[in-house]
Amino acid sequence: MACPIIIRRHDGVQSYLVLDDNPRELLRHVGFAEPCSVRPWLGSADPEEAREEWAEMLAEDPDNYIVTDADHRDYCLECSSWDHLKMWPER
């Protein structure tokens, strides 16, 4: 079974919260020199709780976040955008 992920749609792009054995945020930054970054996720591993925590952290409506899994088509198409990046800060 694929791990849970949360999709955040913002500024015409998507960021992802991956809740596997190495929970992390795969973030997009519109208009920045480095368009992607990876941060460790220190919040809940429960998908519904993590969705609410992530939305609260960014002062956004949790209904704008989608809880799905790593087999989601959009995630599968985009996840390689973060493959070359190191997590910051490192664990």
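Before reading further, recall that the structure is shown in the block above.
1. Topic: the pattern of salt bridges
Enumeration over the complete set of coordinates arrives at seven salt bridges. As a salt-bridge pair, Glu60 and Arg8 come within 2.8 Å of each other at their nearest N and O atoms. Of this pair, Glu60 sits in the loop between α1 (47–57) and β5 (65–69) while Arg8 sits in strand β1 (residues 4–10); the two residues are 52 residues apart in sequence, bridging distant segments of the chain. With relative accessibility at 12%, the residue Arg8 sits in the buried group. A salt bridge links Asp74 to Arg73, with the shortest nitrogen-to-oxygen separation between them at 3.5 Å. Owing to a relative accessible area of 19%, Asp74 belongs among the buried residues under this scheme.

2. Structural notes on the environment of Ser15
Mapped onto the elements, Ser15 comes out in strand β2 (residues 13–18). Overall, the relative accessible area of 0% leaves Ser15 in the buried class. Non-local contacts of Ser15, meaning those with residues more than four positions away in its chain, are made with Ile6, Ile7, Arg8, His10, Leu26, Leu27, Arg28 and Trp54. Of note is the side chain of Ser15, whose polar atom sits 2.7 Å from the side chain of His10. Here Arg28 takes part through its backbone nitrogen, which lies 3.0 Å from a polar atom of the side chain of Ser15.

3. Notes on the packing of aromatic side chains
Enumeration over the complete set of coordinates arrives at three aromatic pairs. Ring centres of Tyr16 and Tyr75 lie 5.2 Å apart, and the angle between their planes is 70 degrees; this geometry places the pair in the edge-to-face category. Highlighted residues: Tyr16 in strand β2 and Tyr75 in helix α2 (residues 73–78), separated in sequence by 59 residues. Accessibility assignment for this pair places Tyr16 and Tyr75 in one class, buried. Judged by centre distance (5.5 Å) and plane angle (70 degrees), the rings of Trp54 and Tyr65 are edge-to-face.

Scoring rules and cut-offs
- Residues numbered from 1 in each chain as written.
- Predicted model: local features only at pLDDT ≥ 70, side-chain atom pairs only at ≥ 80, totals over all residues.
- Heavy atoms only, no water.
- Salt bridge = Lys/Arg side-chain N within 4 Å of Asp/Glu carboxyl O.
- Helix = DSSP H or I, 4+ residues; strand = E, 2+ residues; numbered from the N terminus.
- Buried < 20%, exposed > 50% of the residue type's maximum accessible area, 1.4 Å probe, protein only.
- Contact = heavy atoms within 4.5 Å.
- Polar contact = N/O pair within 3.5 Å; in protein donor to acceptor, adjacent residues only side chain to side chain.
- Phe/Tyr/Trp six-rings, centres within 6.5 Å; stacked < 30°, edge-to-face > 60°.

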